[in-house]
Amino acid sequence: MAALTTRQKLEILADAAKYDASCASSGTAKRDSASGRKGGIGSTEGMGICHAYAPDGRCISLLKILLTNSCIFDCHYCINRRSSDVRRARFTVREVVDLTISFYRRNYIEGLFLSSGIIRSSDYTMEQMVAVARSLREEHDFRGYIHLKTIPDADPELAHQAGLYADRLSINVELPTEQGLRTLAPEKDRRQIETAMAGMRSAIEDGSDASRRYAHAPRFAPAGQSTQMIVGADQADDRAIIRRASSLYSRHKLRRVYYSAFSPIPSPSSILPLKRPPLMREHRLYQSDWMMRFYGYSAVELESATDPQTGCLPLDIDPKLAWALRHREAFPVDVNRAPREALLRVPGLGVKAVDRIIASRRHRRLRLDDVARLTQSIAKLRPFLVAADWRPVQLADRIDLRPQLPPADAQYELFR
């Protein structure tokens, strides 16, 4: 077989990396080329391939590639599985380093997201990925963002070395249920994955504690760890996915759980579904995840917003509105008196809008028009709140409230 050029490898391995959704670059330490003793190159800040968005809206461009798409595992849902008939390629450590530096110098990227199939062994693959990060940091003084996918059954010492060079580490749990993992990825062990994530949490906490105590202590994965779950490849419903995500957040202090809608792959396994789930299902799961992290909802509360028959969140309305319609006893909420926790549960009010309401009501009693200036659709809020000049007497008592609300935005398919 003819040797592939670097450009050909990049085409294959960048395309193979598109199935990994967990490449946000938020939460890391701020570094730039001016802060190094010898100058250095790269930055974790500013506007800039793969685009990730920080919580404040900044767009971060990342070179998102696999070290190789060859793999000794045969996970049914993975396009790079051992039995898959795809074109294979592999970068050397030097090629990944040179690509990252070259792309950065051309202002294409501000960081690197590196994952890999498993070649030879988990330890060997992890050693190669750590070598990339070490070379970028020590040989090139690269100060941009680095996200490494770690391998749960690799030597823990290799994962520790990765944390000394990378901003964020992640270990994919792959599927929300143990039964799904046994069926679709029999070579992977849920307990092993959980053990690796627990070890990562402990190392991150130790590193954070050392940084507070000692000025020159090495930083360990300052942007924390994340994971990814595939949605729709097995029979798990949204209740199981929400429950699993909540457990991961509480037990391992993850920064993010990413959800990736299963996408049919070439030469699929016979046990995989023939159709992918609606993309809106992935979107609703992200909304429910946001509600857990920023709005104070528990997993049990979110489960109550799902359909009793299917166990999934409704696709035509967002989870917050679905929860409110099932808990009418909690509404209406008085915008001039209610605590922040109650205002956050009003459909259509976001965190910023709630904070502005609380700040504004210190100076005056808020009217419905005042609230309307803080949100996109006051029609959605009217049945759920009380203002100085508004009390939803008729709307609040209606049994058929849902048809009275404005229709949800439609999500169109790019390809049919």
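Residues numbered from 1 in each chain as written. Predicted model: local features only at pLDDT ≥ 70, side-chain atom pairs only at ≥ 80, totals over all residues. Heavy atoms only, no water.

A.B. asks: Summarise helix H7 (residues 238-252); cite the residues concerned and give the values.
C.D. replies: The end-to-end C-alpha distance of H7, which contains 15 residues, comes to 21 Å, matching closely the 21 Å that a straight helix rising 1.5 Å per residue would cover. Looking at H7, one finds that the buried residues are Asp238, Ala240, Ile241, Ile242, Arg244, Ala245, Leu248, Tyr249 and His252. Considering only its buried residues, H7 is in contact with helix H6 (190-213), strand E6 (225-231), strand E7 (256-261), helix H8 (279-294) and helix H9 (299-303). The backbone nitrogen of Arg239 lies 3.2 Å from a side-chain oxygen of the residue at the head of H7, namely Asp237. Immediately beyond the C-terminal end of H7, within one or two residues, lies Lys253, with a positive phi of roughly 55 degrees. (Helix = DSSP H or I, 4+ residues; strand = E, 2+ residues; numbered from the N terminus. Expected span 1.5 Å × (residues − 1). Buried < 20%, exposed > 50% of the residue type's maximum accessible area, 1.4 Å probe, protein only. Contact = heavy atoms within 4.5 Å. Polar contact = N/O pair within 3.5 Å; in protein donor to acceptor, adjacent residues only side chain to side chain.)

A.B. asks: Give me the lowdown on the environment of Leu321, citing residues and values where you can.
C.D. replies: By the secondary structure assignment, Leu321 is in helix H10 (residues 319-326). Expressed as a C-alpha distance, the spacing of Leu321 and Arg345, which sit 24 residues apart in the sequence, is 8.8 Å.

A.B. asks: Describe the packing of aromatic side chains, listing the residues and the values that go with them.
C.D. replies: On inspection of all chains with the given rule, the structure shows 7 aromatic pairs. Ring plane angle 90 degrees and centroid distance 5.5 Å describe the contact between Phe103 and Tyr108, whose orientation is recorded as edge-to-face. Measuring from centroid to centroid gives 5.2 Å for Tyr259 and Tyr286, while their planes differ by 85 degrees, and the two rings are edge-to-face. Taken together, the residues Tyr259 in strand E7 and Tyr286 in helix H8 connect sequence positions 27 residues apart. By relative accessible area, Tyr259 is classed as buried at 2%. Clustering of aromatic rings is evident, with ring pairs tying together Tyr297, Trp323, Phe331 and Phe384. Taking the ring centre of Tyr124 as reference, the NZ or CZ of Arg120 above it sits at 4.2 Å. (Phe/Tyr/Trp six-rings, centres within 6.5 Å; stacked < 30°, edge-to-face > 60°. Lys NZ or Arg CZ within 6 Å of the ring centre and 35° of its normal.)

A.B. asks: Run through the pairing of strand E3 (residues 111-115), naming residues and quoting values.
C.D. replies: Most of E3 is tucked away: 5 of the 5 residues are buried. With burial as the criterion, each face of E3 is covered, one bearing Gly111, Phe113 and Ser115 and the other bearing Leu112 and Leu114. Note that strand E2 (residues 59-66) and E3 share 5 bridges and pair parallel. Along E3, the bridge assignment pairs Leu62 with Gly111. Read as a crossover between parallel neighbours, the route from E2 over helix H2 (residues 93-105) to E3 is right-handed. Across 4 bridges, the pairing between E3 and strand E4 (residues 145-149) is parallel. Of the residues in E4, the one forming a bridge with Phe113 is His147. Remark: the E3/helix H3 (residues 122-139)/E4 crossover connection has right-handed handedness. (Pairing = 2+ DSSP bridges. Right-handed = clockwise from strand over helix to strand, strands pointing away.)

A.B. asks: Before we move on, can you summarise the confidence of the model for the protein with the specific residues and values?
C.D. replies: In the predicted model, the protein carries a mean pLDDT of 86, and the fraction of residues at 70 or more is 86%. In the model, residues 25-34 has pLDDT below 50 throughout and makes 38 contacts with residues more than four positions away in sequence or in other chains. Low pLDDT (under 50) marks residues 41-48, which in the prediction has 47 contacts with non-local residues, meaning those over four places away or in another chain. (pLDDT = per-residue confidence, 0-100.)

A.B. asks: Can you explain the packing of H2 against H3? Please cite residues and give values.
C.D. replies: At their nearest, the axes of H2 and H3 sit 9 Å apart, and the two run at 45 degrees to each other. Taken together, the axes of H2 and H3 lie oblique to each other. Crossing handedness for the pair H2 and H3: right-handed. Where H2 abuts H3, its residues Val93, Arg94, Val96, Val97, Thr100 and Ile101 lie against Gln128, Ala131, Val132, Ser135, Leu136 and Glu139. Looking at side-chain class alone, the contact of H2 with H3 contains 7 nonpolar, 3 polar and 2 charged residues. (Axes fitted to C-alpha atoms, helices over the stretch in contact; angles between N-to-C directions. Parallel < 35°, antiparallel > 145°, perpendicular 65-115°, else oblique. Left-handed = near helix turned anticlockwise from the far one by under 90°. Nonpolar A, V, L, I, M, F, W, Y, C, P; charged D, E, K, R; others polar.)

A.B. asks: A description of unusual backbone geometry should follow, citing residues and the corresponding values.
C.D. replies: What you tend to see is this: most non-glycine residues have negative phi, and most peptide bonds are trans. Geometrically, the link from Phe331 to Pro332 is a cis peptide bond, its omega value of 0 degrees lying close to zero. Here Pro332 is to be found in the loop between H10 and strand E8 (333-334). One non-glycine residue, Ala221, adopts positive backbone phi at about 40 degrees. Relative to the helices and strands, Ala221 resides in the loop between H6 and E6.

A.B. asks: Describe in detail helix H1 (residues 6-16), supporting the description with residues and values.
C.D. replies: All buried positions along H1 are accounted for by Lys9, Leu10, Ile12, Leu13 and Ala16. Taken together, the buried residues of H1 touch E2 and H2.

A.B. asks: Could you give an account of the pairing of E7, with specific residues and numbers?
C.D. replies: Most of E7 sits inside the fold, with 6 of its 6 residues counted as buried. Covered by surrounding structure in E7 are Arg256, Tyr258 and Ser260 together with Val257, Tyr259 and Ala261, the residues of both alternating faces. Here E6 pairs with E7 via 6 bridges, running parallel. Within the sheet, the bridge partner assigned to Gln228 lies in E7 and is Tyr258. For the segment spanning E6, H7 and E7, crossover handedness is right-handed.

A.B. asks: Mind laying out the pattern of salt bridges, listing which residues take part and the relevant values?
C.D. replies: Within the structure shown, the criterion is met by 26 salt bridges. The partner of Arg82 in a salt bridge is Asp74, with the nearest N and O atoms 4.0 Å apart. Between Asp238 and Arg281 there is a salt bridge, and its shortest N-O distance comes to 2.8 Å. You can see Asp238 sitting in helix H7 and its partner Arg281 sitting in helix H8, a full 43 residues away along the chain. (Salt bridge = Lys/Arg side-chain N within 4 Å of Asp/Glu carboxyl O.)

A.B. asks: So what's going on with the environment of Pro152? Which residues, and what values?
C.D. replies: Note that Pro152 resides in the loop between E4 and helix H4 (156-165). Pro152 sits in the partly exposed class, given a relative accessible area of 25%. For the pair Pro152 and Thr195, spaced 43 residues apart in sequence, the C-alpha separation works out to 8.0 Å. Ignoring anything within four residues of it in the chain, the contact list for Pro152 reads Ile171, Gln192, Ile193 and Ala196.

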